Amino acid sequence: MHEEAKRTIQSAGDTARERSYDEAVKAVWSNKEIIAPVLKFVISEFRNYEVKDIIRFIDADTISEDIPVDDIAPTMIDRGTESSSLGEKQLFYDIRFDAKNPNLSGKNLRVMLHVDFELQNDYKPSEKEGNRTITYPITKRGIYYMARMISQQLGRISGVKNYAALEKVYSIWVCMENIPDPLKNTVTSYRFQKHDMIGVCEEPEKEYDLAEMIIIRCGGNPKPGVFEYIDSVFSADLEKLEEYSDLKDQPGILEEVRKMGGFGHHIAVTNYERGRDEEHVNTMIEKERADAERERADSEKERADAERERADRLDEQLTDAKSHFDAAQKRIQELEQIVAELKEKR
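Sequence positions are assigned chain by chain, starting from 1 and proceeding in written order. Selection of residues for local features in this predicted model requires a pLDDT of at least 70, selection of side-chain atom pairs for listing and counting requires 80 or more, and totals for whole chains, interfaces and linings are taken over all residues. The basis for the side-chain values is all heavy atoms of the structure; hydrogens and waters are excluded.

### Overview of the sheet that holds strand β9 (residues 211–217)
Filter applied, for reference: In short, DSSP must find at least two bridges between two strands for them to pair. The helix and strand labels rest on DSSP assignments: H or I over at least four residues marks a helix, E over at least two residues marks a strand, and numbering proceeds from the N terminus. Only the stretch in contact is used when fitting a helix axis, every axis being a line fitted to C-alpha atoms; angles between N-to-C directions are given from 0 to 180 degrees. Between two residues, a contact is recorded if the distance between any of their heavy atoms is within 4.5 Å.
The five strands are arranged β3-β4-β7-β9-β8 in an open sheet whose pairing can be described as mixed. At either margin of the open sheet sits one strand with a lone partner, and together these are β3 (95–100) and β8 (186–191). The mean angle between the axes of side-by-side strands here comes to 20°, regardless of whether they run parallel or antiparallel. Bridge count for β8 against β9 is six bridges, and the pairing is antiparallel. Its bridge partner lying in β9, V187 is registered against I216. The sheet contacts of helix α2 (residues 32–42) involve β3, β4 (112–122), β7 (169–177), β8 and β9, and relative to β9 the element is tilted by about 110°. Packed on one face of the sheet, helix α5 (residues 226–234) meets β4, β7, β8 and β9 and runs near 70° to β9.

### Focus: a nonpolar patch on the surface
Basically, it comes down to this: Every patch collects residues that have over 30% relative accessible area and no salt bridge, joining them within 9 Å if they carry like charges and within 5 Å if they are nonpolar side chains (Val, Leu, Ile, Met, Phe, Trp, Tyr). Only the protein chains shown count as cover for residues, with accessible areas throughout obtained via the Shrake-Rupley method and a probe of 1.4 Å. By salt bridge we mean one thing: a side-chain nitrogen of Lys or Arg within 4 Å of a carboxyl oxygen of Asp or Glu. Burial classes follow relative accessibility: with a 1.4 Å probe on protein chains only, a residue under 20% of its type's maximum area counts as buried, one over 50% as exposed, and anything between as partly exposed.
On the surface, L335, I338 and L342 cluster together into a nonpolar patch covering about 260 Å² of accessible area. When you line up the elements, L342 lands in helix α7 (residues 251–345). With relative accessibility at 52%, the residue L342 sits in the exposed group.

### What to know about the confidence of the model for the chain
Going by this rule: Confidence scores labelled pLDDT are given residue by residue by the predictor and lie between 0 and 100.
With 77% of its residues at a pLDDT of at least 70, the chain reaches an overall mean of 79. Counting interchain partners and residues more than four positions distant, the pLDDT-below-50 stretch residues 4–14 has five contacts. Counting contacts from residues 269–274, a segment whose pLDDT is below 50, to residues more than four positions away or on other chains yields four contacts.

### Observations regarding the environment of S105
Condition: Pairing of N or O atoms within 3.5 Å defines a polar contact, subject to two protein rules: one partner must be a possible hydrogen donor and the other a possible acceptor, and residues neighboring in sequence count only if both atoms are side-chain atoms.
Looking at the element boundaries, S105 is found in the loop between β3 and β4. Beyond its immediate chain neighbours, meaning those up to four positions away, S105 contacts K100, R110 and V111. A polar contact of 2.9 Å, which involves the side chain of S105, links it to the backbone nitrogen of V111.

### Quick notes on the packing of aromatic side chains
What counts here: Two rings from Phe, Tyr or Trp (for Trp, the six-membered ring) form a pair when their centres are within 6.5 Å of each other. A pair whose planes differ by under 30 degrees is stacked, one over 60 is edge-to-face, and the rest are tilted. Throughout this description, the term charge over a ring refers to an Arg CZ or Lys NZ atom that lies within 6 Å of the ring centre and within 35 degrees of the ring normal.
Using the criterion set out here, one finds nine aromatic pairs in the structure. Geometrically, the ring pair formed by Y145 and W173 is tilted, given 5.5 Å between the ring centres and 45° between the ring planes. Taken together, the residues Y145 in helix α4 (residues 138–151) and W173 in strand β7 connect sequence positions 28 residues apart. Assigned by exposure class, Y145 and W173 land together as buried. Ring-pair connections join several aromatic residues into one group, and the members of that group are W29, F41, F117, Y229, F234 and Y244. When the ring centre of Y93 is taken as reference, the NZ or CZ atom of R96 above it lies at 4.7 Å.

### Some words on the pattern of salt bridges
Where charged atoms from two side chains of opposite charge come close, those side chains can pair. Applying the stated criterion to the full structure yields 17 salt bridges. Between D209 and R191 there is a salt bridge, with its nearest N and O atoms 3.2 Å apart. Remark: R191 occurs in strand β8 and D209 occurs in the loop between β8 and β9; sequence separation between them is 18 residues. Looking at D209, the relative accessible area reads 10%, which means it is buried. Overall, R191 belongs to the partly exposed group, its relative accessible area being 33%.

### Thoughts on α2
Burial analysis of α2 places nine of its 11 residues in the buried class, the great majority of the element. For α2, every residue scored as buried is listed here: K32, E33, I34, I35, A36, P37, V38, L39 and V42.

### Examining the environment of N185
One can find N185 in the loop between β7 and β8. Residue classification places N185 among the buried residues on the basis of a relative accessible area of 15%. Each C-alpha atom of the pair N185 and V226 lies 9.2 Å from the other, and the pair is 41 residues apart in sequence. Dropping the residues within four chain positions of it, N185 is found in contact with R217, C218, G219, G220, N221, P222, K223 and F227.

### Points about the pairing of β4
Where burial is concerned, most of β4 is hidden: nine out of the 11 residues are buried. One ladder, built from six bridges, connects β3 with β4; its direction is antiparallel. Paired with F97 across the bridge in β4 is V115. For β4 and β7, the ladder comprises eight bridges, and the chain directions are parallel. Considered in β7, the bridge of H114 is made with V169.

Structural data, given as structure tokens:
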């Protein structure tokens, strides 16, 4: 089999495994019991509630129909994950769901939070635009996602036309790779805030606090809290995970976490072995380059030695020639002297 064909088959296998891993990751994080601890850590409306309460706040209407529904259904549907309209760029949400806003809801009033949960590998993603590759900030993408989530609340599809009915949206981004060292293990919130420029305007925050983006930047040594919890999920550390969420009665979720961890381990091993192969290839290339350089140096040395030997031979020949020339000149002088003497006697 040609090497190119081998690489193509290997690449297809790697892509399939990575796709399976991505699907496993989404399946795990679509569980209420898995996602609820993160919501408690980063959503201010949930901060004073227990994880079990947050699980109940997640709206049952966002649960997939093909999953058995009980009192606290274990799996959420990524509802309306594709968002597009004529002339607009098509985009996909990883996981979307609604949850009750406990601060604004009452006995006869139910106000929701609309949450987009994104699992982002690359903190500095890029996309192709013609022949150019453009890197863009996660913040701009998150703002666009939130704008679409707000606009979808009004119109023919939702049946809502009153601006007063608009509810708060969250876009939560869990970033795992390509994070600058100073930003590792940081969480940042981006939201609407009021700033009085002239005078003071007393206005309820709920009237304008309608969008908040939260970026969770992992990558460092996981500290207790949201980073340790996220790490426990991705590493399938079930003992640590259960310190944050009670999963004893959820064997299906535990199995999904194990499955995801297995995919992740296989990909990590494959990448490690490939890295070792690449390192071996690079070593061989460096060795070949060094050998070629050594051969070139040896060749130049041989050439220099040959030139030096030739120069020495020529120098010896020149010395011999000069010696013969001097002897010849001396003999000529002697003969000239003899001739001169003979002429005088004549």
